[in-house]
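# A structural walkthrough
Residues per chain, in single letters:
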Amino acid sequence: MKSNLPIPLLFLSLLFSFSWAALGLTHQQQHHSFLQCLNRHFGNANSISTVIYTQTNSSFSSVLEFSLRNARFSTPNTLKPLVIVTASHVSHIQATINCSRTHGLQIRIRSGGHDYEGLSYVSQVPFVIIDLINLRSIDVDAENKTAWIQAGATIGELYYRIAEKSSTLAFPAGVCPTVGVGGHFSGGGYGMLMRKYGLAADQIIDAQLVDVNGKLLDKNSMGEDLFWAIRGGGAASFGVVVAWKVKLVPVPSTLTVFTVNRTLEENGTMLVHKWQSIAPKIHEDLYIRLFLRAVNSSQQEGKRTIQASFVSLYLGRADELIDLMQESFPELGLVKEDCIEMSWIQSIMYFPSDIPEDAPLEILLNRTGSAGIFKGKSDYVTQTIPETALEGLWQRFYEDETESLEVLFSPYGGNMDDIPETETPYSHRAGNLFNIHYAVGWSEEDASESQRYINFMRRLYRYMEPYVSKSPRRAYMNYRDLDLGINNIGPYTSYKQASKWGLPYFDKNFNRLIHVKTLVDPTNFFRYQQSIPSLSRG
């Protein structure tokens, strides 16, 4: 029988065909109406076919999994999006927001896909993904020391483009090059330059955001409150950030790095304890991270021990660094042979553990990567952890689930102490000695095995409770952790419920974030399991 549908809509119906038998007629009608809406906004089927992927599209799985970094959320039982919109123009984002609102579908916004709990690509209800992978242009203005960066770019791409223009400009963001700037910047974004220049969010000077009404806003048109909220409060709660404008920061042409490993048999416990009072107070040009892992002992065959890796970036030459370390941390025993002088962009290649030593700079442009299976958590520390408590921590490294356990201490202090905690929603400033990142991975995809490792991580987290921040116990938003609590999936969340998960991430700034959310998105359209809630009731 000949169809009465117009050609573009007929094409859409075939392209988006989906089995709705299990969902019922209401969902089928909802889906069909959504397709009609997209057809009206996109205008022609050829344009849609290069942007939209549905579950019947042969490329759907590869597009979904390309930016998926935690395979815990890639199981047969994980609800898949109805549609993935790989937007290549602002109008595609606007159309998706307008049609999703009209037809009752939630959206998820993905840039790099590194969300620890998969919140940028999973949902408990029918949803659409706006994937920003095609919005990744970077315009570096070396003369004015600024850059416009589209939200789908990665920090590796950003670092590469900066180095193309200047050897003495940099940007203070994270270490992993495949992380997307969209979520990284909007949640804070810390890295090796944090003690000198603060966070990525501290350098944002403008932004382009599509709001709940489909309007494209910049800093001036969105207003002071919304611009404040998206620089550390998680922009996905308020709209879809299309691009960031940032300040670039100066660095010397020659920097120095080192990695010094010490085991328990080499006074590791004493050095870790000493590091806590030195790393946050040392000169702001020096950043010393601390990685803790279990390794095979070199002194006793068949025995495991703990290795502390002191990994450092110094904004200067090796001779200066040696003098500084001799004055501030002589116990580590740093010598000239431990130090490597290099440029800033070479240091970007040095720190990620998965970049080969002889890799070309172009590897920073590589967005591909395998998805691991892991659980992460975080803490902030305001008082030094006693040696006895560290010895108890070492014992946790010897449990069965800890072959891939890594605990990372990242020091604060320096410029982080000088920026007021209300300057952005990121309130973890003065008074914090360091941040702790816990991560454990595993290879088994069986649900019971996954739960075993997750339970281990929760036990480790409980053990550390007496030694970390309190009232509330704080966490880093970019290390998402659903154990801290979730929203309901309805349009409104009570303040009491929201505080359970919101205060650890934002503490004193949480009330202001809720106020902004209620003003700019009163119906709570931009919502997910840990989004900032709107408390409006219409």
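The structure presented is a predicted model; accordingly, all values stated were derived computationally and were not measured.

### Focus on the domain arrangement of the protein chain
The domain boundaries assigned to the protein chain delineate domain 1 (28–131), domain 2 (138–250) and domain 3 (255–342 + 370–465). The centre of domain 1, based on its C-alpha atoms, is set 24 Å off from the matching centre of domain 2. Facing 13 residues of domain 1, the contacting portion of domain 2 comprises 20 residues. Here domain 1 and domain 2 share an interface that buries about 1100 Å² over both sides, 67% of which is from carbon and sulfur atoms. Considering only the side of domain 1, the residues that lose the most area to domain 2 are Ile109, Ser111 and His114, jointly responsible for 39% of the buried surface there. Seen at the junction of domain 1 and domain 2, the total is zero salt bridges. Every element with two or more residues in the side of domain 1 that touches domain 2 is listed here: helix 5 (90–102) and strand 3 (106–110).

### Examining the UniProt feature "domain: FAD-binding PCMH-type" (unreviewed entry) in the protein chain
Here, the residues flagged by UniProt with the feature "domain: FAD-binding PCMH-type" (unreviewed entry) are residues 77–251. What you have in residues 77–251 is 26% helix and 25% strand, and the ends, taken at the C-alpha atoms, are 48 Å apart.

### Quick word on helix 17 (residues 510–520)
Those residues of helix 17 that fall on the buried side of the exposure criterion are Phe510, Leu513, Ile514, Val516 and Lys517. Taken down its axis, helix 17 places every buried residue within 165° of arc, on the same side. Buried-residue contacts for helix 17 involve helix 10 (224–230) and helix 16 (495–506).

### Points about the environment of Gln346
Looking at the secondary structure, you find Gln346 in helix 13 (residues 344–350). In this structure, the C-alpha to C-alpha distance between Gln346 and Leu82, residues 264 residues apart in sequence, is 42 Å.

### Quick look at the state of the cysteines
What the rule picks out here adds up to one disulfide. Put simply, Cys37 and Cys99 are joined by a disulfide, and their sulfur atoms are 2.1 Å apart. Classification of the bridge connecting Cys37 and Cys99 rests on its S-S torsion, roughly -85°, and on that basis the disulfide is left-handed. One end of the pair, Cys37, is in helix 2 (residues 25–42); the other, Cys99, is in helix 5, and 62 residues separate them in sequence.

### Here's the deal with the pairing of strand 18 (residues 434–441)
With seven of its eight residues buried, strand 18 lies for the most part within the structure. Looking at chain direction, strand 16 (residues 374–381) and strand 18 are connected through eight bridges and run antiparallel. Each bridged residue has a counterpart across the sheet, and for Phe374 the counterpart in strand 18 is Gly441. Bridge analysis of strand 17 (residues 406–411) against strand 18 gives six bridges, and the strand direction is antiparallel. Residue Glu406 lies in a different strand from strand 18, and its bridge partner there is Ala439.

Quick notes on the rules
Residues numbered from 1 in each chain as written. Predicted model: local features only at pLDDT ≥ 70, side-chain atom pairs only at ≥ 80, totals over all residues. Heavy atoms only, no water. Domains from an automatic or database assignment. Contact = heavy atoms within 4.5 Å. Buried area = accessible area lost by both parts, 1.4 Å probe. Salt bridge = Lys/Arg side-chain N within 4 Å of Asp/Glu carboxyl O. Helix = DSSP H or I, 4+ residues; strand = E, 2+ residues; numbered from the N terminus. UniProt positions renumbered as here; feature names shortened; annotations may be inferred. Buried < 20%, exposed > 50% of the residue type's maximum accessible area, 1.4 Å probe, protein only. Arc of directions from axis to C-beta. Disulfide = S-S within 2.5 Å. Pairing = 2+ DSSP bridges.

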